[in-house]
Amino acid sequence: TTTPVKVAVTGAAGQIGYSLLFRLASGALLGPDTPIQLRLLEITPALKTLEGVVMELDDCAFPTLAGVEIGDDPNVIFDGVNHALLVGARPRGPGMERGDLLEANGGIFAPQGKALNAHAASDVRVTITGNPANTNALIAMSNAPDIPTERFSALTRLDHNRAISQLAAKLGVPVTEIKKMTIWGNHSATQYPDLFHAEVGGRNAAEAVGDQDWLANTFIPTVAKRGAAIIEARGSSSAASAASATIDHARTWIDGTAEGDWTSMSVLSDGSYGVPEGLISSFPVTVSDGQWSIVQGLEIDDFSRAKIDASTAELAEEREAVKGLGLI
Ligand code: NDP
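Source: prediction; values computed, not measured.

K.L.:
It is not clear to me how the overall build of the protein chain should be interpreted in this structure. Could you clarify?
P.N.:
Helix and strand counts for the protein chain stand at eleven helices and 14 strands. Whereas a compact globule of 328 residues would reach a radius of gyration of roughly 20 Å, the protein chain reaches 19 Å, a difference of no more than 12%. Considering only C-alpha atoms, the protein chain reaches an extent of 50 × 45 × 40 Å along its principal axes. Looking at the 328 residues of the protein chain, the share that counts as buried comes to 52%. Residue pairs in contact within the protein chain that sit at least 24 positions apart in sequence constitute 72% of those at least 6 positions apart. Carbon and sulfur atoms form 50% of the exposed surface of the protein chain, whose accessible area is close to 13900 Å². With 24 positive and 39 negative side-chain charges, the protein chain shows a separation of 3 Å between the mean positions of the two kinds.

K.L.:
What's the story with the pattern of salt bridges in this structure? I'm lost.
P.N.:
Between side chains of opposite charge, a pair can form as their charged atoms come close. This structure, assessed with the given rule, holds six salt bridges. Between Lys-180 and Glu-199 there is a salt bridge, and its shortest N-O distance comes to 3.5 Å. Separated by 19 residues along the polypeptide, Lys-180 in the loop between strand S7 (178-179) and strand S8 (182-184) and Glu-199 in strand S10 (residues 199-200) bring together distant segments of the chain. For the salt bridge of Glu-320 with Lys-323, the shortest nitrogen-to-oxygen distance reads 3.8 Å. With Glu-320 and Lys-323 both in helix H11 (residues 302-324) and three residues apart, the pair spans about one turn of that helix. Glu-320 sits in the partly exposed class, given a relative accessible area of 46%.

K.L.:
What am I meant to see in the side chain of Thr-135 here?
P.N.:
Mapped onto the fold, Thr-135 is located in helix H5 (residues 133-142). Sequence-distant contacts of Thr-135, that is, excluding residues within four places in its chain, are made with Leu-102, Leu-315, Glu-318 and Val-322.

K.L.:
I would appreciate a short explanation of the UniProt feature "binding site: NAD(+)" (unreviewed entry) in the protein chain in the present structure.
P.N.:
Annotation from UniProt places "binding site: NAD(+)" (unreviewed entry) at Gly-11, Ala-12, Ala-13, Gly-14, Gln-15, Ile-16, Gly-17, Asn-105, Gln-112, Thr-129, Gly-130 and Asn-131. You can see Thr-129 is positioned in the loop between strand S5 (125-128) and H5. By relative accessible area, which is 8% here, Thr-129 ends up buried. Not counting residues within four places of it along the chain, the set of residues in contact with Thr-129 comprises Ile-16, Leu-86, Val-87, Leu-155 and Thr-246. Relative to the assigned elements, Asn-131 resides in the loop between S5 and H5.

K.L.:
Is there a simple way to explain the site of the ligand in this structure?
P.N.:
As a matter of local geometry, the ligand sits amid 24 residues, with Gln-15, Ile-16, Glu-42, Leu-158 and Ser-238 nearest to it. At 3.4 Å, a backbone N or O of Gly-11 approaches an oxygen atom of the ligand. Ile-16 is positioned with one of its backbone polar atoms (N or O) 2.9 Å from an oxygen atom of the ligand. Bound to the protein, the ligand loses 77% of the 910 Å² it would expose on its own. Every element with two or more residues in the shell around the ligand is listed here: helix H1 (15-25), helix H4 (98-119) and helix H6 (157-171). Broken down by class, the residue content of the shell around the ligand amounts to eleven nonpolar, eleven polar and two charged.

K.L.:
Would you mind going over the UniProt feature "binding site: substrate" (unreviewed entry) in the protein chain with me for this structure?
P.N.:
UniProt annotation of "binding site: substrate" (unreviewed entry) refers to Arg-92, Arg-98, Asn-131 and Arg-162 when read in the numbering used here. These annotated residues cover 71 residues of sequence, and their C-alpha atoms reach 25.7 Å apart at the extreme, placing them across more than a single site. As for its position among the elements, Arg-92 is in the loop between strand S4 (83-86) and H4. With near-sequence residues (within four places) excluded, Arg-92 lies in contact with Glu-97, Arg-98 and Leu-101. One polar contact links the side chain of Arg-92 to the main-chain carbonyl oxygen of Met-96, over a distance of 3.5 Å. Position of Arg-162 among the secondary structure elements: in helix H6. A relative accessible area of 10% means that Arg-162 is categorised as buried.

K.L.:
When you look at the environment of Ile-231 in this model, what are you seeing that I'm missing?
P.N.:
Within the secondary structure, Ile-231 is located in helix H9 (residues 226-234). For Ile-231, a relative accessible area of 44% puts it in the partly exposed group.

K.L.:
Sorry if this is basic, but what is going on with the sheet that holds S7 here?
P.N.:
Pairing between the strands of a sheet is mediated by backbone hydrogen bonds and can be parallel or antiparallel. If you trace the three strands from one edge of the open sheet to the other, you get S7-S10-S11, paired in antiparallel fashion. Since the sheet does not close on itself, it has two edges, and those belong to S7 and strand S11 (203-204), each with one partner. Here S10 runs beside S11; their pairing, made up of two bridges, is antiparallel. Residue pairing across strands places Val-200 opposite Arg-203, the latter belonging to S11.

K.L.:
Would you mind showing me how to read the environment of Gly-185 here?
P.N.:
Relative to the helices and strands, Gly-185 is located in the loop between S8 and strand S9 (192-194). Measuring from C-alpha to C-alpha, the distance between Gly-185 and Ile-308 comes to 6.0 Å, with 123 residues separating the pair along the chain. Apart from residues no more than four positions distant in its own chain, Gly-185 is found in contact with Asn-134, Ser-266, Ser-281, Ser-282, Ser-311, Thr-312 and Leu-315.

Conventions used here
- What you see as residue numbers is a count from 1 along each chain, following the sequence as written.
- Two thresholds apply to this predicted model, a pLDDT of at least 70 for residue-level local features and 80 or more for giving and counting side-chain atom pairs, whereas whole-chain, interface and lining totals are computed over all residues.
- Excluding hydrogens and water, the side-chain values take into account all heavy atoms of the structure.
- Counting from the N terminus, the helices are the DSSP runs of H or I reaching at least four residues and the strands are the DSSP runs of E reaching at least two.
- The atom set for the radius of gyration is the C-alpha atoms, and the globule formula is 2.2 Å times the number of residues raised to the power 0.38.
- The cut-offs for exposure are 20% and 50% of the maximum accessible area for each residue type, with area from a 1.4 Å probe on protein chains only; residues under the lower value are buried, those over the upper are exposed, and the others partly exposed.
- The contact definition used throughout considers only heavy atoms, calling two residues in contact when any of these lie within 4.5 Å.
- The Shrake-Rupley method, run with a 1.4 Å probe, gives the accessible areas here. Residue values count only the displayed protein chains as cover.
- Charge assignment in this entry is limited to Lys and Arg as positive and Asp and Glu as negative, and neither His nor the chain termini are counted.
- For the purpose of locating charges, the reference atoms are NZ of Lys, CZ of Arg, CG of Asp and CD of Glu.
- What counts as a salt bridge is simple: a side-chain nitrogen of Lys or Arg found within 4 Å of a carboxyl oxygen of Asp or Glu.
- UniProt positions are given in the numbering used here, feature names are shortened, and annotations may be inferred rather than shown by experiment.
- Throughout, near means a residue has at least one heavy atom within 4 Å of the molecule or strand.
- Any pair of N or O atoms that falls within 3.5 Å is considered a polar contact. Within protein, one atom must be able to donate a hydrogen and the other to accept it, and sequence-neighbouring residues count only if both atoms are side-chain atoms.
- Throughout, the ten residues Ala, Val, Leu, Ile, Met, Phe, Trp, Tyr, Cys and Pro are labelled nonpolar, Asp, Glu, Lys and Arg are labelled charged, and all others, Gly among them, are labelled polar.
- Strand pairing is assigned whenever DSSP detects at least two bridges linking the two strands.

Structure, rendered in structure tokens:
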């Protein structure tokens, strides 16, 4: 028998968790032949709800689900984990300032970073979905000095998938025709979905669109504000697509990107493309043998430069704020 791969999910009783856990358990991350053990973290008041979710997981009788542990102590739940999907975060409440938000999330992601540092498996990969995801990732990473920094990444795959979907709809082509989409910067309203390096059926996407006004004034804001549009339509947030993107992100990190394509991941900047070193920012990345690398050598025109700079300036401000709070 194969040893199960241990996958931790935080905020497991939440909306994203409710979509994520069943797909993880059914093999969407690791395939049909790899048993998975789920290790689910929640805050104490949510444990009862989580017990109910575990009853449903049991009732699915998933052949790939080798076990489920639940609890409220990251030091226990993160024991031996190979993949940590950090979904639980403190949402912005009414009247909450960004500083308060960052401080509340520091109280979550600093101890979780320490617990991963002390207890996770030596090959652990950490994906941060909970917002503000990029800065939460920076906090977790900074509190886990023994885990290589490249094992931390934040989710911009949902933005990436949204950008592919919008472009495919605009051009009337299947999503499979679209390659080399890039989200740059922060997972926030300042993110920059880039069509100048994307390809449609092998052709440059910006040229295929041939409409700078649509690109600048429809495409970019539609992708950046898609979460709000879904809340408006559905009455609750885009939890299922966020869960799906979390799986896509973690699976690409394992399986790699296809030849002739790349993905978007928020990873530690080495200064590439003028993104200040030390920020966790979204880049075009290829993945091979479980290691990501930032795609090099792309030409950045003035339009893209200004968009990337605006988003990374926001990330730099968030970093200053969490530094000021002593969280990193
Ligand atoms: P969700 O499961 O809907 O969302 C969880 C986090 O994911 C939020 O930070 C949310 O950000 C973020 N997110 C990222 N992308 C998306 C997207 N496209 N759509 C929606 N959310 C997105 O939140 P719930 O409130 O339902 O559940 C959160 C759970 O986390 C609760 O059960 C809570 O108890 C738990 N929690 C657990 C902690 C722990 O395990 N220690 C710590 C803190 C909370 P945004 O706020 O911007 O929507």
